[in-house]
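Working through the structure, step by step
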Amino acid sequence: MIRRTCCLLVLAAAAQAQTVDVVAPYRSAVESYQRGDLASAAAQLEELIAFHDREAAATIGPAFGNVWYHLGLCRMEQGDLPGALTAFTRCHTVYANPPDGDGGNTFETAAVIRRAEIEQARGRYLPAARLYGTALKTTPPGPIRNRVLMKVAVCLHETGDLERTTRVCRKLIDDDTVRPELKRLAVLQSCRVAVEQHDL
């Protein structure tokens, strides 16, 4: 709830500076999404994009990436993975926050993670591992970062990079802040690698 409120405030400030009304329709779309009305949410978000996307990078700035992120969530839950991939990609590329500070794209890193999850689900493990690596650069220490590290380990294992898989798993196993269930997954992944390395 706090994240959504911050996102709306940033989008409102960016839109107000340019006298563009996107906050009310965006809020309505997010509320539709939260109620589970994906069709309505997607339609509202697509309408916002149709009216504002062409000039949004210049007039609204990175905050407009939040619109694309929510469209990506709708598409993903509707089973439209190519549509979700496009939306998440636009969120974190076209509407990226500036390197020197927050431009209002609350979901930039989350979009990279979602994009990586889609690539992983499609069996494209190397691109997924690279995207997870990109997300790790802006993900603070904590449970989300640890889950992303575990996903990196799984993807690296699938690409056959057993040495790096072991290093990532070891990092998770040795970190006292990692939750026990995630440590167990890291241990299991390490065991799989050990079996493959020694052909047991």
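Above this text you will find the structure in question.
Conventions used here
Residues numbered from 1 in each chain as written. Predicted model: local features only at pLDDT ≥ 70, side-chain atom pairs only at ≥ 80, totals over all residues. Heavy atoms only, no water. Axes fitted to C-alpha atoms, helices over the stretch in contact; angles between N-to-C directions. Helix = DSSP H or I, 4+ residues; strand = E, 2+ residues; numbered from the N terminus. Parallel < 35°, antiparallel > 145°, perpendicular 65-115°, else oblique. Left-handed = near helix turned anticlockwise from the far one by under 90°. Contact = heavy atoms within 4.5 Å. Nonpolar A, V, L, I, M, F, W, Y, C, P; charged D, E, K, R; others polar. Core = buried A, V, L, I, M, F, W, Y, C linked by side-chain atoms within 4.5 Å. Buried < 20%, exposed > 50% of the residue type's maximum accessible area, 1.4 Å probe, protein only. Phe/Tyr/Trp six-rings, centres within 6.5 Å; stacked < 30°, edge-to-face > 60°. Expected span 1.5 Å × (residues − 1). Salt bridge = Lys/Arg side-chain N within 4 Å of Asp/Glu carboxyl O.

1. So, the packing of helix α4 (residues 65-77) against helix α6 (residues 108-121)
With their axes 10 Å apart at the nearest point, α4 and α6 run at an angle of 25 degrees to one another. With respect to their mutual orientation, α4 and α6 come out roughly parallel. As α4 runs across α6, the sense of the crossing is left-handed. Here Tyr69, Leu73 and Met76 of α4 come into contact with α6, specifically with Ala110, Ala111, Arg114, Glu117 and Ile118. Of the residues contributing to the contact of α4 with α6, the split by class is 6 nonpolar, no polar and 2 charged.

2. Brief notes about the packing of helix α5 (residues 81-93) against α6
Contact geometry of α5 with α6 gives a least axis separation of 8 Å together with a crossing angle of 150 degrees. When the interaxial angle is binned, α5 and α6 end up roughly antiparallel. Regarding α5 and α6, the two cross each other, and that crossing is left-handed. Every residue of α6 that contacts α5 at Leu81, Ala84, Leu85, Phe88, Thr89, Cys91 and His92 is listed here: Glu108, Ala111, Val112, Arg114, Arg115, Ile118 and Glu119. Taken together, the residues of the contact of α5 with α6 break down into 8 nonpolar, 2 polar and 4 charged.

3. Some words on the nonpolar core
Ranked by internal contacts, the top residues of the largest apolar core, which has 31 residues, are Phe64, Trp68 and Tyr69. For this core, the secondary structure elements donating two or more residues are α2 (23-35), α3 (38-59), α4, α5 and α6. Residue contributions to this core peak at 7 residues, all from α3. Setting aside anything within four residues of it in sequence, one finds tryptophan 68 in contact with Ile49, Asp53, Ala87, Arg90, Cys91 and Tyr95. Counting 23 residues, the second largest nonpolar core, distinct from the first, contains Leu149, Val168, Cys169 and Leu172.

4. Thoughts on the packing of aromatic side chains
Under the defined criterion, the tally for this structure stands at 3 aromatic pairs. Seen in terms of ring centroids, tyrosine 69 and phenylalanine 88 are 5.5 Å apart; in terms of plane orientation they differ by 50 degrees. Their pairing is tilted. Here tyrosine 69, found in helix α4, pairs with phenylalanine 88, found in helix α5; they are 19 residues apart in sequence, far enough to count as distant. For phenylalanine 88, a relative accessible area of 0% gives the class buried. Joined through ring pairs, the aromatic side chains of Tyr69, Phe88 and Phe107 make up one cluster.

5. Section: the environment of phenylalanine 51
Counting through the fold element by element, phenylalanine 51 comes out in helix α3. Between the C-alpha atoms of phenylalanine 51 and valine 22, which are 29 residues apart in sequence, the distance is 9.6 Å.

6. Here's the deal with α4
Here α4 spans 19 Å end to end across 13 residues, near enough to the 18 Å set by a 1.5 Å rise per residue. Counting buried positions along α4 yields 11 of 13 residues, so the element is predominantly enclosed. Considered for burial, the residues of α4 that qualify are Gly65, Asn66, Val67, Trp68, Tyr69, His70, Leu71, Gly72, Leu73, Cys74 and Arg75. Count one or two residues on from α4 and you reach glycine 79, which has phi positive near 85 degrees.

7. Describing the pattern of salt bridges
Going through the model one piece at a time under the given rule, you end up with 9 salt bridges. Taking the shortest distance from any N to any O, the salt bridge between glutamate 46 and arginine 75 comes out at 2.0 Å. Note that glutamate 46 is positioned in helix α3 and arginine 75 in helix α4, a separation of 29 residues in sequence. Using a relative accessible area of 37% as the deciding quantity, one classes glutamate 46 as partly exposed. Arginine 75 sits in the buried class, given a relative accessible area of 14%.

These results come straight from atomic positions and should not be treated as a statement about function.
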